[in-house]
Amino acid sequence: MKKQDDQYSFLEHRRKQEAAHHKRLSNEGFDPLNSILTVEVNTTELCNRNCVFCPRHDPEVFPNRNLHMTPNGASHIARELGRNDYRGKISLSGFGENLLNPKFPEIVKSFRTHLTSNILECNTNGDRLTSEYAKSLFDNGLTLLYINLYDGAHQMEHFDEVMRDIPDDKYKYRMHWSMKDHGLILNNRSGTIDWLGIEESDIESLQGKPCHYPFYKMFVDWNGDVLFCSNDWGREHVIGNLMQDTLMNVWFSKPMRKIRRRLTRGDRSQSPCNGCSVDGTLFGKESFDIVQEYENKGRKIIASC
């Protein structure tokens with residue numbers, strides 16, 4: 001039976017991906033866009049589950065909506081990333097269940113068509129996954145499939161059969177049924193949920209500590225809107241739209257730069273950061289440094305004029 005990843009092994013997996021990303025780009029000239037380690041894409045506003053650790057557990061907080069990214073929208077985003085020689089990872093994850101998007105295999109193909117060598121990942125709860133569907137995802141260019149196991153270890157037996165014709169290195173099981181070991185670290189989704197027993201002291205302890213999320217991860221919503229952070233489940237800060245603007249303009253937009261300046265100082269006083277329990281320093285230090293170097297260069301140029 002294939003081994004599942006707990007929070008520790010998956011953390012190490014992500015760190016290896018991050019190290020490989022920066023190693024690939026280490027001999028190239030300085031490019032501030034190389035700070036983007038991951039572009040996370042939310043392809044649908046639907047989910048068939050209502051897990052207790054997710055805002056969807058309460059439909060008053062985060063209701064299901066029949067809204068989906070289209071293959072054309074995905075192509076537009078992928079072309080813009082390709083025009084900028086984006087070499088990072090595409091993570092099809094976000095706020096919903098990817099397989100509920102009726103055009104999801106086509107979306108995978110859209111990204112692969114314009115980004116031929118990037119890592120292209122997908123997260124799924126596996127409830128709609130069949131052997132045929134899995135094959136179609138890989139035929140359309142998917143690199144890696146994460147199957148999140150929410151019900152227990154017994155699910156692996158089922159998915160071993162579903163994935164019988166897929167090479168082992170093409171998919172991973174992630175343990176999500178234990179509240180103690182859920183994901184990386186259980187968090188309150190930037191304060192949108194208050195029923196997990198996360199203490200105020202956990203949030204307060206992060207004050208004064210920088211956060212790297214807006215320096216290394218770009219979150220693209222189903223309609224092309226870019227949120228300042230993938231933990232902004234309340235969609236409080238839309239800093240641009242990748243279907244309407246360039247990657248450079250969005251990533252270094254005025255709202256994004258303003259937020260980064262605050263977080264560089266460890267200032268989490270603004271919403272939703274003031275209610276967030278996420279330690280944003282587990283990844284992204286090299287990306288943080290790249291953005292800081294770019295901003296410092298800009299300030300020096302202005303000062304010399």
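The structure we're discussing is the one just above.
Residues numbered from 1 in each chain as written. Predicted model: local features only at pLDDT ≥ 70, side-chain atom pairs only at ≥ 80, totals over all residues. Heavy atoms only, no water.

Draft legend 1. Spotlight on the packing of aromatic side chains. Counted under the stated rule, the structure contains twelve aromatic pairs. Judged by centre distance (5.3 Å) and plane angle (80°), the rings of F10 and Y146 are edge-to-face. Of this pair, F10 sits in helix α1 (residues 7-25) while Y146 is found in strand β5 (residues 144-149), placing the two residues 136 residues apart along the sequence. The pair formed by F10 and Y146 is uniform in burial state, with each residue classed as buried. Between the aromatic rings of Y171 and Y173, the centroid separation amounts to 5.7 Å while the plane-to-plane angle is 55°, which identifies the pairing as tilted. The buried category is assigned to Y173, whose relative accessible area is 0%. (Phe/Tyr/Trp six-rings, centres within 6.5 Å; stacked < 30°, edge-to-face > 60°. Helix = DSSP H or I, 4+ residues; strand = E, 2+ residues; numbered from the N terminus. Buried < 20%, exposed > 50% of the residue type's maximum accessible area, 1.4 Å probe, protein only.)

Draft legend 2. Quick look at the pattern of salt bridges. Under the defined criterion, the tally for this structure stands at 19 salt bridges. Between E45 and R56 there is a salt bridge, with its nearest N and O atoms 3.8 Å apart. Taken together, the positions of E45 in the loop between β2 (38-41) and α2 (71-83) and R56 in the loop between β2 and α2 put the pair eleven residues apart, joining distant regions of the chain. On the accessibility criterion, E45 (1% relative accessible area) is buried. Classification of R56 as buried rests on a relative accessible area of 6%. In this structure, K135 and D139 form a salt bridge, with 2.8 Å as the shortest nitrogen-oxygen distance. Linking K135 with D139, this pair stays in helix α4 (residues 131-139), spanning four residues, or about one helical turn. Here the residues in one salt-bridge network are E45, R56, R65, D221 and R235, joined through shared partners. (Salt bridge = Lys/Arg side-chain N within 4 Å of Asp/Glu carboxyl O.)

Draft legend 3. Broad picture of the side chain of N241. Take N241: it is sitting in strand β9 (residues 238-241). Owing to a relative accessible area of 8%, N241 belongs among the buried residues under this scheme. One polar contact links the side chain of N241 to the main-chain amide nitrogen of M243, over a distance of 2.7 Å. Excluding residues that lie within four positions of it along the chain, N241 makes contacts with N223, G224, D225, V226 and V250. (Polar contact = N/O pair within 3.5 Å; in protein donor to acceptor, adjacent residues only side chain to side chain. Contact = heavy atoms within 4.5 Å.)

Draft legend 4. Main features of the packing of helix α3 (residues 104-114) against α4. Packing of α3 against α4 brings their axes to within 8 Å, and their N-to-C directions diverge by 20°. It follows that α3 is roughly parallel to α4 by the angle criterion. Read as a crossing pair, α3 and α4 show a hand that is right-handed. Only Y133, S136 and L137 of α4 make contact with α3, whose side of the interface consists of F104, P105 and V108. Here the residues of the contact of α3 with α4 sort into five nonpolar, one polar and no charged. (Axes fitted to C-alpha atoms, helices over the stretch in contact; angles between N-to-C directions. Parallel < 35°, antiparallel > 145°, perpendicular 65-115°, else oblique. Left-handed = near helix turned anticlockwise from the far one by under 90°. Nonpolar A, V, L, I, M, F, W, Y, C, P; charged D, E, K, R; others polar.)

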